[in-house]
Amino acid sequence: MSKILETSSDIFSRDGYDGTRVDEIAKVSGVNKASIYYHFQDKQKLYEHVLIEMLNRHATALEEQVAAAKGAEGKLRAFIDAYVGNMVNDRRISVLMMWEVASGGKNMPPSVLEQVIRLINLLSDILGLGEKEGVFHTSNPFMTYLMIVGSVSYYIVGEPLRHLAASQKLIEDSKVMLQSPPEEAASIMTEMLLRSLRRENAHA
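Draft legend 1. Inspection of the layout of surface pockets at higher detail. Its volume calculated, the largest pocket comes out at about 490 Å³. Lining of the largest pocket is provided by 25 residues; of these, Met97, Val101, Tyr145, Leu146 and Val149 occupy positions nearest its centre. The set of elements that each furnish at least two residues to the lining of the largest pocket consists of helix H4 (43-68), helix H5 (71-89), helix H6 (92-102), helix H7 (110-133) and helix H8 (141-157). Sort the elements by how many residues they give to the lining of the largest pocket and H8 lands first, with 7 residues. The calculated volume of the second largest pocket comes to roughly 260 Å³. What lines the second largest pocket is a set of 16 residues, and nearest its centre among them are Ser151, Val152, Tyr155, Ala185 and Met189. Elements that contribute at least two residues to the lining of the second largest pocket include exactly H8 and helix H10 (182-197). For the lining of the second largest pocket, the element with the most residues is H10, which contributes 7 residues.

Encoded structure:
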């Protein structure tokens, strides 16, 4: 079953839900189509299983990293570092979520959305802790989440576009951070975010 899920993750992220065919998943996985339907009922259930497995693993890793960090600022850094690390290790997460955003979430089951809400709630707790500690201004957790996720996902998934723009001399390499790994870009974004969140009397 793990081979089916791994193959499905590859193909769903490459072709999106609508472009994915169960026949191809079966062929690449080396199983017959009946076996896929036996385990997952249909393509929608298979897609749901793929997304839940990936996002649950992702959210659990973030929760563990945040729990181990000290203070609101430390926890926010841990949240972003873990998020970036997960996306670098498996960019399919970003790709699949961007497919869903582009399609208006038409194929996203509520059970999958619950995994996304876990991350928003985790970030909300961090920002709330920062307010209690007196180090963060009051902020909107959802907009902060979008800033983090949007920046990281677009940077990682958009790498080919940055290379294209630079190769055609439309923009200097340095301006699109062509040689910078996602971790470096995330570090810049983290400092920008912290500057906007910190109270004036908070220590850096």
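Draft legend 2. Expanded view of the nonpolar core. In this structure, Leu46, Leu76, Phe79 and Ile80 are the most contacted members of the largest nonpolar core, which totals 50 residues. At 9 residues, H4 tops the list of elements feeding residues into this core. What Leu46 contacts, discounting residues up to four positions off in sequence, is Ile4, Leu5, Ser8, Phe12, Ile25, Ile36 and Phe40.

Calculation rules
Here the residue index of a chain counts from 1 through its sequence in written order. This being a predicted model, a pLDDT of at least 70 is required before a residue's local features are given, and a value of 80 or more before pairs of side-chain atoms are given or counted; all residues contribute to the totals for chains, interfaces and linings. Hydrogen atoms and water are omitted, and side-chain values are computed over all heavy atoms in the structure. Definitions used throughout: a 1 Å grid over protein atoms alone; a cavity as a set of points that fits a 1.4 Å probe which cannot get out; a pocket as an open set with protein on both sides within 12 Å along at least five of seven lines; a lining residue as one with an atom within 4 Å of a point. Grid points are joined across faces, edges and corners, and a volume is the space filled by probe spheres set on the points. Per the convention used, a helix needs a DSSP run of H or I reaching at least four residues, while a strand needs a run of E reaching at least two, with both numbered from the N terminus. In plain words, nonpolar cores are sets of buried Ala, Val, Leu, Ile, Met, Phe, Trp, Tyr and Cys residues tied together by side-chain atoms within 4.5 Å. Working definition: with a 1.4 Å probe on protein chains only, accessible area under 20% of the residue-type maximum means buried, over 50% means exposed, and in between means partly exposed. Pairs of residues are marked as contacts when any of their non-hydrogen atoms sit within 4.5 Å.

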